[in-house]
Amino acid sequence: MPDLHMKVEEYLNEIAEREGTVHLTLIDPASQPPEVAADIAKAAVDGGTDAIMIGGSTGAGGLALDQTLLKIKEQIDVPTVLFPGNAGGLSIYADAVLFMSLLNSRDINYVTTNQAMGAPLVYKYGIEPISMAYIITEPGGTVGWVGDAKLIPRNKPELAVAYSLAGKYMGMHYTYLEAGSGADQPVTPATIGAVKHVLGDNKLIVGGGIRDGRTAKICADAGADMIVTGTIVEETDDVRNKIEELVSAIKK
């Protein structure tokens, strides 16, 4: 059980240092009733996931988000971290929020406007903000379309490096390379490795297209400090065993 006095960012960083790689399970509140989401979260924690991320590209806010968080928090003792698609994806019941800017979006709303609208709520609710550069690579999936991202080509790691450095130099603590929910393949090892090389001590999150332990290990070995899996927990009949497979592949 995590130290309740430790900040979520500190908690995640400490796991990354001690165990090599953090595992995060992403649950979309729009994909199932709150009670089912809570069952998924408990099974994921029993399987070894380090924290629960909550959010989605569409329909992941409001009452459904609040009710999902409340039900999840009844079942688990690891942090809940918001992964908002816009300013509506915030809730007073979360422990932290990935306070992110979609750096390669063509739409200013996803670069700074939603952030300006959401920031006063983060302050008012007392949610811990974790600053993050969000960068979407090919194929991009729904989030790439919704966020109007100029997708980073799979064969152009230098472009991912440029955006990642920009985020780092603007003071963002985390960088998230996203291939898109349900992507047919994850971010390439070459891109992960190149980005981690320039980030140094800053933490690198990788998500999208990671469905099995082998793929998770490839991403972790390439340099990912944290691995996110989401779609697979909606598709599998045995969440605990699937998470155990992923976690055992990426931990020291």
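Residues numbered from 1 in each chain as written. Predicted model: local features only at pLDDT ≥ 70, side-chain atom pairs only at ≥ 80, totals over all residues. Heavy atoms only, no water.

- The protein is annotated in an unreviewed UniProt entry as Geranylgeranylglyceryl phosphate synthase of Methanococcoides vulcani.
- Taken verbatim from the UniProt record of the protein, the Subcellular location (unreviewed entry) comment is "Cytoplasm".
- According to the UniProt record, the Sequence similarities (unreviewed entry) comment for the protein reads "Belongs to the GGGP/HepGP synthase family. Group II subfamily." (UniProt positions renumbered as here; feature names shortened; annotations may be inferred.)

## A word on the sheet that holds strand 1 (residues 22-27)
Think of a sheet as strands paired side by side through backbone hydrogen bonds, with each pair either parallel or antiparallel.
Next, step 1: Pairing in this closed barrel of eight strands is parallel, and the strands run 1-2-3-4-5-6-7-8 around the ring. Each adjacent strand pair in this sheet contributes to an overall mean axis angle of 30°, direction not counted.
Next, step 2: Here strand 1 pairs with strand 2 (residues 51-54) via four bridges, running parallel. Bridge pairing links T25 to I52 in strand 2.
Next, step 3: Here helix 4 (residues 108-125) sits on the sheet and contacts strand 4 (96-102) and strand 5 (128-136); the angle it forms with strand 4, its principal contact strand, is near 155°. (Pairing = 2+ DSSP bridges. Helix = DSSP H or I, 4+ residues; strand = E, 2+ residues; numbered from the N terminus. Axes fitted to C-alpha atoms, helices over the stretch in contact; angles between N-to-C directions. Contact = heavy atoms within 4.5 Å.)

## Quick notes on the UniProt feature "binding site: Mg(2+)" (unreviewed entry) in the protein
Next, step 1: Sequence positions flagged by UniProt for "binding site: Mg(2+)" (unreviewed entry) are, in local numbering, D28 and S57.
Next, step 2: With respect to the secondary-structure elements, D28 resides in the loop between strand 1 and helix 2 (34-46).
Next, step 3: Here A30 takes part through its backbone nitrogen, which lies 2.9 Å from a polar atom of the side chain of D28. (Polar contact = N/O pair within 3.5 Å; in protein donor to acceptor, adjacent residues only side chain to side chain.)

## Some details on the pattern of salt bridges
Next, step 1: Within this structure, the stated rule accounts for twelve salt bridges.
Next, step 2: Linking K251 and E19 is a salt bridge whose minimum nitrogen-to-oxygen distance equals 2.9 Å. Of this pair, K251 sits in the segment after helix 10 (239-250) while E19 sits in helix 1 (residues 8-19), placing them 232 residues apart in sequence.
Next, step 3: Residue classification places E19 among the partly exposed positions, given a relative accessible area of 23%. (Salt bridge = Lys/Arg side-chain N within 4 Å of Asp/Glu carboxyl O. Buried < 20%, exposed > 50% of the residue type's maximum accessible area, 1.4 Å probe, protein only.)

## Quick word on the side chain of T49
Next, step 1: Looking at where T49 falls in the secondary structure, it is placed in the loop between helix 2 and strand 2.
Next, step 2: Separated by 2.7 Å, the side chains of T49 and H23 make a polar contact.
Next, step 3: At 2.9 Å, the side chain of T49 and the side chain of T25 are in polar contact.

## Let's talk about the environment of K168
Next, step 1: As for its placement among the helices and strands, K168 is situated in helix 6 (residues 157-169).
Next, step 2: Along the sequence, K168 and T58 sit 110 residues apart, while their C-alpha atoms lie 28 Å from each other.
Next, step 3: Residues contacting K168, with those up to four places away along its chain left out, are V198, L199, G200 and N202.
Next, step 4: A distance of 3.3 Å separates a polar side-chain atom of K168 from the backbone oxygen of L199.

## Here's the deal with the pairing of strand 7 (residues 203-207)
Next, step 1: For strand 7, the buried fraction is high: five of the five residues fall into the buried class.
Next, step 2: With burial as the criterion, each face of strand 7 is covered, one bearing K203, I205 and G207 and the other bearing L204 and V206.
Next, step 3: In this structure, strand 6 (residues 174-178) lies alongside strand 7, joined through five bridges in parallel fashion. Across the sheet, residue L177 finds its bridge partner in strand 7, namely V206.
Next, step 4: Inspection of the sheet shows strand 7 paired to strand 8 (residues 226-229) by three bridges, in the parallel sense. The partner of G207 across the bridge, within strand 8, is V228.
Next, step 5: Taking the sense of rotation as the criterion, the β-α-β connection linking strand 7, helix 8 (residues 213-222) and strand 8 turns out right-handed. (Right-handed = clockwise from strand over helix to strand, strands pointing away.)

## Focus: the packing of helix 6 against helix 7 (residues 189-199)
When two helices pack together, their arrangement is given by the angle between the helix axes and by the axis-to-axis distance.
Next, step 1: Contact geometry for helix 6 and helix 7: axes closest at 9 Å, N-to-C directions at 30°. Taken together, the axis directions place helix 6 and helix 7 in an arrangement best described as roughly parallel. Two packed elements cross with a definite hand, and for helix 6 against helix 7 that hand is right-handed. Contacts between helix 6 and helix 7 involve P157, A160, V161, S164, L165 and K168 on the former and, on the latter, A190, T191, A194, V195, V198 and L199. (Parallel < 35°, antiparallel > 145°, perpendicular 65-115°, else oblique. Left-handed = near helix turned anticlockwise from the far one by under 90°.)

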